[in-house]
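Tertiary structure, described
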Amino acid sequence: MAATRSRGARTRALTQALFERLASCEPGTAEHARVRGALIEANLPLVRYVAVRFSGRNEPLEDIVQVGTIGLIHAIDRFDRDRGVQFPTFALPTILGEIRRHFRDSVRTLHVPRRLHELWARVRAAAEELTAVLERSPTPAEIAERLAVPEEDVLASFDAGRAYRVSSLDAAREPEEGAPGLVDRVGYEDPGLAGVEHRALVRHLLVQLPERERRILLMRYYRDLTQSQISAELGVSQMHVSRLMARSFTRLRSANPLDA
């Protein structure tokens, strides 16, 4: 834990120094590009930290990291040191937003070429006719010969036909009344995912507090101690604990970019 905090402190110090250097560089110059690249490299662990929260979505982790890196670059280009906000705190919502936008936009409406759609109608009709004549299901080659089209086109039309056989989300698994529909069996809201952004943001905000204030908040909201229990454990008055908590909340609100 101490090593992690030390690495985080070094990264924050390096990031601050690089932003100071970037501010003195002329945009478009090689030096500006070099410093900007160093900023990206220094903060890639933040991107990976966010990306692993989305690693269970049938998407390669490295692809998610690449998407998150785009958010990191946007955050670097928009970051204003004069706001008094730590860069990780500012960048986190942008990285999260870019990744979530990627998953939202990656859902594409299924599209079948019109040629295959029209061929599928002919294939179905030819299959029905040949079934009656042959008294069995025809092969793709037999359908292709009947329609005078390449067999590959017939096979492609099968795929097109399957694409159009989409079940209703309200369709029940069984025809019995009251059976659950498909919508009840697939796709659900992951209760843990909704809090990812807030948990990650809180962690980055807490590290900005003095050690005693951070400890008090952890005792209050992670160990669920009362203010009187905290005051007894720390050997200070309950009034002092209350004042420290109020001061911590003021600092966290001013540092939260979502409230800016």
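To start, this report covers the structure provided alongside it. Predicted, not measured: the structure shown is a model, and the values here were computed from it. (Residues numbered from 1 in each chain as written. Predicted model: local features only at pLDDT ≥ 70, side-chain atom pairs only at ≥ 80, totals over all residues. Heavy atoms only, no water.)

Proximity of charged atoms lets side chains of opposite charge pair with each other. Counted according to the given criterion, the structure contains eight salt bridges. Note that Glu62 and Arg48 form a salt bridge whose closest N and O atoms lie 2.8 Å from each other. Of this pair, Glu62 sits in helix H4 (residues 61-78) while Arg48 sits in helix H3 (residues 44-51); the two residues are 14 residues apart in sequence, bridging distant segments of the chain. With a relative accessible area of 34%, Arg48 lands in the partly exposed category. Ionic pairing is found between Glu129 and Arg146, a salt bridge with its closest N-O pair at 2.8 Å. You can see Glu129 sitting in helix H6 (residues 114-134) and its partner Arg146 sitting in helix H7 (residues 140-147), a full 17 residues away along the chain. With relative accessibility at 43%, the residue Arg146 sits in the partly exposed group. Taken together, the shared-partner salt bridges in this structure form one network comprising Arg21, Glu31 and Arg34. (Salt bridge = Lys/Arg side-chain N within 4 Å of Asp/Glu carboxyl O. Helix = DSSP H or I, 4+ residues; strand = E, 2+ residues; numbered from the N terminus. Buried < 20%, exposed > 50% of the residue type's maximum accessible area, 1.4 Å probe, protein only.)

A separate point is the packing of aromatic side chains. Under the criterion given, the structure shown has five aromatic pairs. Seen in terms of ring centroids, Phe19 and Phe79 are 4.7 Å apart; in terms of plane orientation they differ by 50°. Their pairing is tilted. Highlighted residues: Phe19 in helix H1 (residues 2-23) and Phe79 in the loop between H4 and helix H5 (87-105), separated in sequence by 60 residues. Owing to a relative accessible area of 6%, Phe19 belongs among the buried residues under this scheme. A residue is classified by how much of its surface remains accessible, and Phe79, at 14% relative accessible area, is buried. On the basis of an interplanar angle of 55° and a centroid distance of 5.1 Å, the ring pair of Phe19 and Phe87 is categorised as tilted. With Phe19 in helix H1 and Phe87 in helix H5, this pair connects stretches of sequence that are 68 residues apart. The buried category is assigned to Phe87, whose relative accessible area is 3%. Through successive ring pairs, a cluster of aromatic residues spans Phe19, Phe79, Phe87 and Phe90. The ring of Tyr49 carries Arg53 above its face, with NZ or CZ at 4.3 Å from the centroid. (Phe/Tyr/Trp six-rings, centres within 6.5 Å; stacked < 30°, edge-to-face > 60°. Lys NZ or Arg CZ within 6 Å of the ring centre and 35° of its normal.)

This part covers H3. Buried within H3 are the following residues: Leu46, Val47, Val50 and Ala51. One face of H3 carries all of its buried residues, which in axial projection span an arc of 135°. (Arc of directions from axis to C-beta.)

Here Ser157 shows up in helix H8 (residues 151-164). On the basis of relative accessible area, Ser157 is assigned to the buried category, the value being 0%. A polar contact is formed between the side chain of Ser157 and the backbone oxygen of Val154, at a distance of 2.6 Å. With residues up to four places along the chain from it excluded, the contact list for Ser157 reads Leu116, Leu119, Trp120 and Val123. (Polar contact = N/O pair within 3.5 Å; in protein donor to acceptor, adjacent residues only side chain to side chain. Contact = heavy atoms within 4.5 Å.)

Before going further, it helps to spend a moment on a nonpolar patch on the surface. A grouping of Leu218, Tyr221 and Tyr222 is seen on the molecular surface, where their side chains present a nonpolar patch of about 350 Å² in accessible area. For Leu218, the position within the fold is in helix H10 (residues 211-221). With a relative accessible area of 34%, Leu218 lands in the partly exposed category. (Patch = residues over 30% accessible without salt bridge, like charges linked within 9 Å, V, L, I, M, F, W, Y side chains within 5 Å. Areas by Shrake-Rupley, 256 points an atom, 1.4 Å probe, with all protein chains shown as cover.)

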